[in-house]
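# Residue-level structural notes
Single-letter residue listing:
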Amino acid sequence: MNRIMMKRVLFLLLLSLSFSVSKVNAQVSDLSESDIQAFKDRVGEVIDMFQNNLSILGGKKYSQRVKQTYKKSVLKLFIGEGQAYTDPNGQYREGVSMQVSSVRNGKEVKRKTPLVTYLDNLIKLPYAEVRLSKADTYRISNIYKVGDHYEATATIFQRFEGFMGKEMRKVYRDVTQKNIKVYIIPENDYVLGQHWSVRLGDIEVMETMAY
């Protein structure tokens, strides 16, 4: 059953990739193919860092002190770092929101929560270990220029597994399709000079499936 579900998930993702190619090219006609690939690679790296840190926050292996350090690292990956901010378009925002989901009695349940609250709740989870991973294939779409920066949407399929007890018994697992708002912002500092910086924004759950 696991393999069937994962094959279905990967098939849906690859299908969505095929429909998105022409749309991406139309949106980013002012960028070269190498620029687009560089943006995609960097976005993928940031998402990987985000998910790796979440696995550390969700389990019991590390101390609260270590977890607070990783929490700060996660916040730095997001625009506004979890606080109210003015986005690159000049709009005031209360802070990045995370939509979370679970499957209960076969029914998907969704709710939105501020990023900081989400991380705090993750730290409080009762699981002995949490494993979060994404499919190797992910999609970056709707890349478009707004003023002096670019915005895009990253679509990932994330697998969540929760384990309990010394025997590390798996008690919960699901696969969730998520859309992540991405900002690609020009920055200039003493060390790197002029460069593009990736910041994550609101995260929306599209679908959650237990398997």
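Throughout what follows, the structure given in this document is the object of discussion. Not measured: the values here are computed from a predicted model. (Residues numbered from 1 in each chain as written. Predicted model: local features only at pLDDT ≥ 70, side-chain atom pairs only at ≥ 80, totals over all residues. Heavy atoms only, no water.)

### Digging into a nonpolar patch on the surface
Taken together, the side chains of Tyr190, Val191 and Leu192 define a hydrophobic patch exposed on the protein surface, amounting to about 460 Å² of accessible area. Summarising the element assignment, tyrosine 190 is placed in the loop between β8 (169–189) and β9 (193–210). (Patch = residues over 30% accessible without salt bridge, like charges linked within 9 Å, V, L, I, M, F, W, Y side chains within 5 Å. Areas by Shrake-Rupley, 256 points an atom, 1.4 Å probe, with all protein chains shown as cover. Salt bridge = Lys/Arg side-chain N within 4 Å of Asp/Glu carboxyl O. Helix = DSSP H or I, 4+ residues; strand = E, 2+ residues; numbered from the N terminus.)

### Focus: unusual backbone geometry
For asparagine 142, which is not glycine, the phi torsion reads 55° and is therefore positive. With respect to the helices, strands and loops of the structure, asparagine 142 is situated in strand β6 (residues 139–146). Look at methionine 168: it is not a glycine, yet its phi comes out positive at around 55°. Position of methionine 168 among the secondary structure elements: in the loop between β7 (149–164) and β8. Classification of methionine 168 as partly exposed rests on a relative accessible area of 30%. (Buried < 20%, exposed > 50% of the residue type's maximum accessible area, 1.4 Å probe, protein only.)

### Re the environment of valine 171
Residue position: valine 171 is located in strand β8. Given the relative accessible area of 37%, valine 171 is considered partly exposed. For the pair formed by valine 171 and tyrosine 127, sequence separation is 44 residues and the distance between their alpha carbons is 8.7 Å. Filtering out sequence-adjacent residues up to four positions away, valine 171 remains in contact with Tyr127, Gly162 and Met164. (Contact = heavy atoms within 4.5 Å.)

### Brief notes about the environment of asparagine 179
Along the chain, asparagine 179 turns up in strand β8. Residues asparagine 179 and glycine 201 lie 22 residues apart in sequence; the distance between their C-alpha atoms is 9.9 Å. In this structure asparagine 179 touches Thr153, Ala154, Thr155, Asp202, Ile203, Glu204 and Met206, once residues within four positions along its chain are discounted. In this structure the side chain of asparagine 179 is engaged in a polar contact, spanning 2.8 Å, whose partner is the side chain of threonine 155. (Polar contact = N/O pair within 3.5 Å; in protein donor to acceptor, adjacent residues only side chain to side chain.)

### Re the nonpolar core
Within the largest apolar cluster, 43 residues are counted, with the highest numbers of intra-cluster contacts made by Phe50, Leu54, Phe78, Leu119, Val182 and Leu200. Sort the elements by how many residues they give to this core and helix α2 (residues 33–58) lands first, with eight residues. (Core = buried A, V, L, I, M, F, W, Y, C linked by side-chain atoms within 4.5 Å.)

### Structural notes on the packing of aromatic side chains
Within the structure shown, the criterion is met by six aromatic pairs. With a centroid separation of 5.6 Å and an interplanar angle of 75°, the aromatic rings of phenylalanine 39 and tryptophan 196 are classed as edge-to-face. Taken together, the residues span a long stretch of sequence, with phenylalanine 39 in helix α2 and tryptophan 196 in strand β9 at a distance of 157 residues. Residue classification places tryptophan 196 among the partly exposed residues on the basis of a relative accessible area of 40%. (Phe/Tyr/Trp six-rings, centres within 6.5 Å; stacked < 30°, edge-to-face > 60°.)

### Let's talk about helix α4 (residues 115–123)
For the α-helix, the turn length of 3.6 residues means that residues three or four positions removed from each other point alike. For α4, the complete set of buried residues consists of Leu115, Tyr118, Leu119, Leu122 and Ile123. Viewed along the axis of α4, the buried residues span an arc of 140°, placing them on a single side of the element. In this structure, the buried residues of α4 make contact with α2, α3 (64–75), β3 (97–104) and β4 (107–114). (Arc of directions from axis to C-beta.)

### A short note on the pairing of β9
Both β8 and β9 contribute to a ladder of 15 bridges, which runs antiparallel. Each residue of the ladder has a partner; that of asparagine 188, found in β9, is glutamine 194. The turn linking β8 back onto β9 is made up of three residues. (Pairing = 2+ DSSP bridges.)

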